[in-house]
Amino acid sequence: AEIEWPALLALNWIVSYSVYAGCSAEDIWPSDELPVEKFRFEVRSNMLAWLAWDTDHTDIDLHVEEPSGEVVYYGHRYSKTGGRASRDFVDG
């Protein structure tokens, strides 16, 4: 199975919040499509930046500068503080 990073992050956040609200993760997680062992993780983030567009043959890049000055983008996908960028989509 393949799932894009922003969607996987959102799914994990939804499941974590649901557990916090009293639901069971097993009742919510789509384990038939996404095995828990491979795709489930704890979301410890206070911010999600998501850049989306639907124009073909267009390349838009998101760069996020952390308070430390470290910049996360397609060429530097992982920061020292846990920042992450998905793969580089170049076709809109």
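Residues numbered from 1 in each chain as written. Predicted model: local features only at pLDDT ≥ 70, side-chain atom pairs only at ≥ 80, totals over all residues. Heavy atoms only, no water.

Take the layout of surface pockets next. Its volume calculated, the largest pocket comes out at about 1,200 Å³. Trp-5, Leu-48, Ala-49, Arg-84 and Ala-85 are the residues nearest the centre of the largest pocket, which is lined by 36 residues in total. When its volume is computed, the second largest pocket comes out at roughly 170 Å³. Considering the residues around the second largest pocket, the lining is formed by 11 residues, among which Trp-5, Arg-77, Tyr-78, Ala-85 and Ser-86 are closest to the centre. When the residues that make up the lining of the second largest pocket are grouped by side-chain class, the tally is 6 nonpolar, 1 polar and 4 charged. (1 Å grid on protein atoms, 1.4 Å probe; cavity = no way out; pocket = protein on both sides within 12 Å on 5 of 7 lines; lining within 4 Å. Points joined across faces, edges and corners; volume = space filled by probe spheres on them. Nonpolar A, V, L, I, M, F, W, Y, C, P; charged D, E, K, R; others polar.)

Bringing the packing of aromatic side chains into the picture now. Evaluation of the coordinates by the stated rule reveals 3 aromatic pairs. Between Trp-13 and Tyr-17 the ring centres are 5.5 Å apart and the planes differ by 15°, which places this aromatic pair in the stacked class. Here the residue Trp-13 and the residue Tyr-17 both occupy positions in helix α1 (residues 5–20), the gap between them amounting to 4 residues, near one helical turn. The rings of Trp-13, Tyr-17 and Tyr-20 are connected pair by pair, giving a single aromatic cluster. (Phe/Tyr/Trp six-rings, centres within 6.5 Å; stacked < 30°, edge-to-face > 60°. Helix = DSSP H or I, 4+ residues; strand = E, 2+ residues; numbered from the N terminus.)

The next subject is a nonpolar patch on the surface. Together, Trp-13, Ile-14, Tyr-17 and Tyr-20 give the surface a local cluster of nonpolar side chains, amounting to about 520 Å² of exposed area. Along the chain, Ile-14 falls in helix α1. Judged by its relative accessible area of 44%, Ile-14 falls in the partly exposed class. (Patch = residues over 30% accessible without salt bridge, like charges linked within 9 Å, V, L, I, M, F, W, Y side chains within 5 Å. Areas by Shrake-Rupley, 256 points an atom, 1.4 Å probe, with all protein chains shown as cover. Salt bridge = Lys/Arg side-chain N within 4 Å of Asp/Glu carboxyl O. Buried < 20%, exposed > 50% of the residue type's maximum accessible area, 1.4 Å probe, protein only.)

Assignment of secondary structure puts Glu-66 in the loop between β1 (64–65) and β2 (71–72). Of the side chains with opposite charge, Arg-84 comes closest to the buried, unpaired Glu-66, at an N-O distance of 7.7 Å. Ignoring anything within four residues of it in the chain, the contact list for Glu-66 reads Val-72, Ser-79, Thr-81 and Gly-83. (Lys, Arg positive; Asp, Glu negative; His and termini not counted. Contact = heavy atoms within 4.5 Å.)

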